[in-house]
Amino acid sequence: MKPLLPVPALPSLPALVAAALFAATAQAAPATYDIEPTHTYPSFEADHMGLSNWRGKLNKSAGTIVYDKATGAGSVDVTMDLASIDFGLEAMNAWATGEKFFNVGKNPSATFKGRFDGIKAGVPTQVVGELTLNGKTRPLTLAVHQLKCVPHPMLKRDLCGADASGSFNREEFGLGAGKDWGFKMDVNLRIQVEAIARE
């Protein structure tokens, strides 16, 4: 009679559940994305004496986004170079960066830091965070109008893009210039951003 071969022990149910959870966690790990500066331009809209709206953008920005595509969770950290402000009018750019307004010699940048929130179908609908401008930090929530990730056609890494917007009162940041002339203090901010996953 042939000797019976030992039967390998089967893993217990708790072990199987733990393994499944570990695998799910591994697949859902958040990734860090570096903002692509040539495809990221925060833009703004500000009132001019109640007569028209000035529009412009910040030509230089940098930062990171942490995003978990499986859960929609993540965070945003963007730094905007105030010296790169562009109204399309050099005289206005010079005034805005000077001592009477942004004073970039003292406060060269603005930052927005926040976390994804309002997750629907795995995609965040807003970023709840804080804007730091002119040495002051105030709460700011951006609505996320679009967020999509695709494989980068050349780099073969994940590429994500988003469009978000919000508004703030510039007087709350000590930037009340023009109020006595009838300028409204509300500023609309829109951020178009693309970011590439780190290797």
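A quick note: this is a predicted structure, and the numbers were derived from the prediction, not measured.

1. A word on the overall build of the chain
Then, in step 1: For the chain, the count of helices and strands is two helices and eleven strands.
Then, in step 2: Restricting to contacts in the chain with at least 6 residues of sequence separation, those with at least 24 account for 56%.
Then, in step 3: A total accessible area of about 12200 Å² is found for the chain, and carbon and sulfur atoms account for 59% of it.

2. Concerning the side chain of His152
Then, in step 1: As for its position among the elements, His152 is in the loop between β9 (136-151) and β10 (158-169).
Then, in step 2: We classify His152 as buried; its relative accessible area is 16%.
Then, in step 3: Not counting residues within four places of it along the chain, the set of residues in contact with His152 comprises Arg157, Leu159 and Ile196.

3. Quick word on the confidence of the model for the chain
Then, in step 1: Chain-level statistics for the chain give a pLDDT mean of 88 and a share of 86% at 70 or above.
Then, in step 2: Note on residues 13-26: pLDDT is under 50 here. Beyond four places in sequence and across chains, it has one contact.

4. Looking at the nonpolar core
Then, in step 1: By size, the foremost hydrophobic cluster in this structure holds 38 residues, and its most contacted members are Ile65, Phe102, Phe112, Leu131, Leu133 and Phe168.
Then, in step 2: In terms of residues, this core owes the most to one element, strand β11 (residues 186-197), which gives six residues.
Then, in step 3: Excluding anything up to four places from it in sequence, Leu133 contacts Leu82, Phe102, Ala110, Phe168, Phe173 and Leu175.

5. A word on unusual backbone geometry
Then, in step 1: With a phi angle near 50 degrees, Asn103 is a residue other than glycine that sits in the positive phi range.
Then, in step 2: The phi dihedral of Lys156 is positive, around 60 degrees, even though this residue is not glycine.
Then, in step 3: With respect to the secondary-structure elements, Lys156 resides in the loop between β9 and β10.

Conventions adopted
- Residues numbered from 1 in each chain as written.
- Predicted model: local features only at pLDDT ≥ 70, side-chain atom pairs only at ≥ 80, totals over all residues.
- Heavy atoms only, no water.
- Helix = DSSP H or I, 4+ residues; strand = E, 2+ residues; numbered from the N terminus.
- Contact = heavy atoms within 4.5 Å.
- Areas by Shrake-Rupley, 256 points an atom, 1.4 Å probe, with all protein chains shown as cover.
- Buried < 20%, exposed > 50% of the residue type's maximum accessible area, 1.4 Å probe, protein only.
- pLDDT = per-residue confidence, 0-100.
- Core = buried A, V, L, I, M, F, W, Y, C linked by side-chain atoms within 4.5 Å.

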